[in-house]
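Listed here are the chains, written in short residue letters.
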Protein chains: 2
Amino acid sequence: MGGTSSPCASCKLLRRRCSPDCIFAPYFPSNDLCKFAIVHKVFGCSNITKILKNVPVEQRGDAVRSLVYEANARIINPVYGCVGIISKLETQVSELQMQLAVVEEEILSIKMQQEFIFTNGST
Amino acid sequence: MGGTSSPCASCKLLRRRCSPDCIFAPYFPSNDLCKFAIVHKVFGCSNITKILKNVPVEQRGDAVRSLVYEANARIINPVYGCVGIISKLETQVSELQMQLAVVEEEILSIKMQQEFIFTNGST
């Protein structure tokens, strides 16, 4: 981590001295170069810095996790990235809502049918 | 667009000459500075260029739309961005799947009950 003998993954990758107040050090340990390389490839160093500085310290871990997820999604799907995942999930939600409406309609119809039979007797 | 008298939104914002082969010109018209400003704020110019160059020309329009969506999500939610939307949708999908399972179970139970009544006669 910042200031210790081993520079963090970002400082290692960018070949610079890892200062004790390095903003990346707590989230990008030196043994996981890939994690920083991915967000660096998609967002670039100065943008990650800006994004992290814009977030309270206690939420930076979550911000880094979301940036890594987002960058991975963009590498897997260069055209749609995370938006491709959102689009698929939105379709899934719509389909499930439709299925649920159909099944609820079916229950209502069965219950009405049952009520009719109990009131008028089965044929 | 690129090469015409009016520079595209990105060249206007970055105060540079809009060349006829400007990669941004087809997707960032000069009358919508905000669209480029948003993606520029989150991804930075060189990263947008890299992402667009990595995508076939016929899919760059879609790539720009997804980048604008993603950048907007990061501005609205600086900690989770698009991943916050994905997380909410995943929860919604799980809840709907559970509701559907419950309702399908209910239908099965009603149908079995009905079958029993038709076989053994109503009481």
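Residues numbered from 1 in each chain as written. Chains lettered and ligands numbered in written order. Predicted model: local features only at pLDDT ≥ 70, side-chain atom pairs only at ≥ 80, totals over all residues. Heavy atoms only, no water.

Attention shifts here to the interface of chain A and chain B. Contact residues are listed per partner, giving 44 residues for chain A and 43 residues for chain B. Both sides together, the interface formed by chain A and chain B hides about 4000 Å², and carbon and sulfur atoms give 67% of it. On the chain A side of the interface with chain B, the three residues burying the most area are A:Val79, A:Ile86 and A:Leu100, jointly 14% of the side's total. Our count for the chain A to chain B interface comes out at four salt bridges. Linking A:Arg74 and B:Glu70 is a salt bridge whose minimum nitrogen-to-oxygen distance equals 2.6 Å. Linking chain A to chain B there are 14 residue pairs in polar contact (both at pLDDT 80 or more). (Contact = heavy atoms within 4.5 Å. Buried area = accessible area lost by both parts, 1.4 Å probe. Salt bridge = Lys/Arg side-chain N within 4 Å of Asp/Glu carboxyl O. Polar contact = N/O pair within 3.5 Å; in protein donor to acceptor, adjacent residues only side chain to side chain.)

If you look at the biggest cluster of nonpolar residues, it comprises 52 residues, and the most contacted ones within it are A:Phe24, A:Val39, A:Phe43, B:Phe24, B:Val39 and B:Phe43. Contributions of two or more residues to this core are made by α1 (9-13), α2 (33-43), α3 (45-53) and α4 (60-76) of chain A together with α1 (9-13), α2 (33-43), α3 (45-53) and α4 (60-76) of chain B. Ignoring any residue separated from it by four or fewer positions in sequence, one finds A:Phe43 in contact with A:Ile48, A:Ile51, A:Leu67, A:Glu70, A:Ala71, B:Val42, B:Phe43 and B:Asn47. (Core = buried A, V, L, I, M, F, W, Y, C linked by side-chain atoms within 4.5 Å. Buried < 20%, exposed > 50% of the residue type's maximum accessible area, 1.4 Å probe, protein only. Helix = DSSP H or I, 4+ residues; strand = E, 2+ residues; numbered from the N terminus.)

We now examine the domain arrangement of chain A. All names here are of chain A. Assigned domains of chain A: these are domain 1 (7-76) and domain 2 (79-122). Here domain 1 and domain 2 have C-alpha centroids that lie 43 Å from each other. Each partner contributes to the interface: domain 1 provides four residues, whereas domain 2 provides five residues. For the pair domain 1 and domain 2, the number of links is one residue pair in polar contact (both at pLDDT 80 or more). Tallied by class, the residues present in the side of domain 1 that touches domain 2 amount to two nonpolar, no polar and two charged. (Domains from an automatic or database assignment. Nonpolar A, V, L, I, M, F, W, Y, C, P; charged D, E, K, R; others polar.)

Residue and element names in this part refer to chain B. Tracing the backbone shows arginine 60 in helix α4. Buried and unpaired, arginine 60 has no salt bridge, with glutamate 58 as the nearest side chain of opposite charge at 7.7 Å. Polar contacts involving the side chain of arginine 60 include one to the main-chain carbonyl oxygen of valine 55, which spans 3.1 Å. Other than its neighbours up to four places away in sequence, arginine 60 contacts Ile23, Tyr27, Leu52, Lys53 and Val55. (Lys, Arg positive; Asp, Glu negative; His and termini not counted.)

Next up on the list: the relation of the copies chain A and chain B. Both copies of the chain are related by a screw-like operation: a rotation about an axis and a shift along it. Aligned on chain B, chain A shows an RMSD of 0.1 Å; the corresponding rotation is 180 degrees and the shift along the axis is 0.0 Å. What the superposition gives is, in effect, a two-fold axis relating one chain to the other. A high fraction, 98%, of the interface residues of chain A reappear at the interface in chain B, so the copies pair face to face through one surface. (Least-squares fit on C-alpha atoms with pLDDT ≥ 70 in both.)

This next bit is on the side chain of A:Thr49. Residue and element names in this part refer to chain A. Along the polypeptide, threonine 49 turns up in helix α3. Assessed through its relative accessible area of 18%, threonine 49 is described here as buried. Beyond its immediate sequence surroundings of up to four residues, threonine 49 is in contact with Ile23 and Phe24.

Across all of its chains, the model carries one cavity of 30 Å³ or more by this definition. Considering only enclosed or pocket space, the largest cavity measures out at about 60 Å³ in volume. Lining the largest cavity are A:Gln114, A:Ile117, A:Phe118, B:Gln114, B:Ile117 and B:Phe118. Going through the elements one at a time, α5 (81-120) of chain A together with α5 (81-120) of chain B are the ones with two or more residues in the lining of the largest cavity. Of the residues that constitute the lining of the largest cavity, the class distribution is four nonpolar, two polar and no charged. (1 Å grid on protein atoms, 1.4 Å probe; cavity = no way out; pocket = protein on both sides within 12 Å on 5 of 7 lines; lining within 4 Å. Points joined across faces, edges and corners; volume = space filled by probe spheres on them.)

Here the UniProt feature "coiled-coil region" (unreviewed entry) sits at residues 86-113 of chain A. Its end C-alpha atoms 40 Å apart, residues 86-113 of chain A is made of 100% helix and 0% strand. (UniProt positions renumbered as here; feature names shortened; annotations may be inferred.)

Our next topic: α2(B). Because an α-helix packs 3.6 residues into every turn, residues spaced three or four apart end up facing the same way. Within α2(B), the full set of buried residues consists of B:Phe36, B:Ile38, B:Val39, B:Val42 and B:Phe43. Down the axis of α2(B), the sector holding all buried residues measures 155 degrees, keeping them to one side. Of the surrounding secondary structure, the elements contacted by the buried residues of α2(B) are α2 and α3 of chain A together with α1, α3 and α4 of chain B. Of the residues trailing α2(B), B:Gly44 is marked for its positive phi of about 80 degrees. (Arc of directions from axis to C-beta.)

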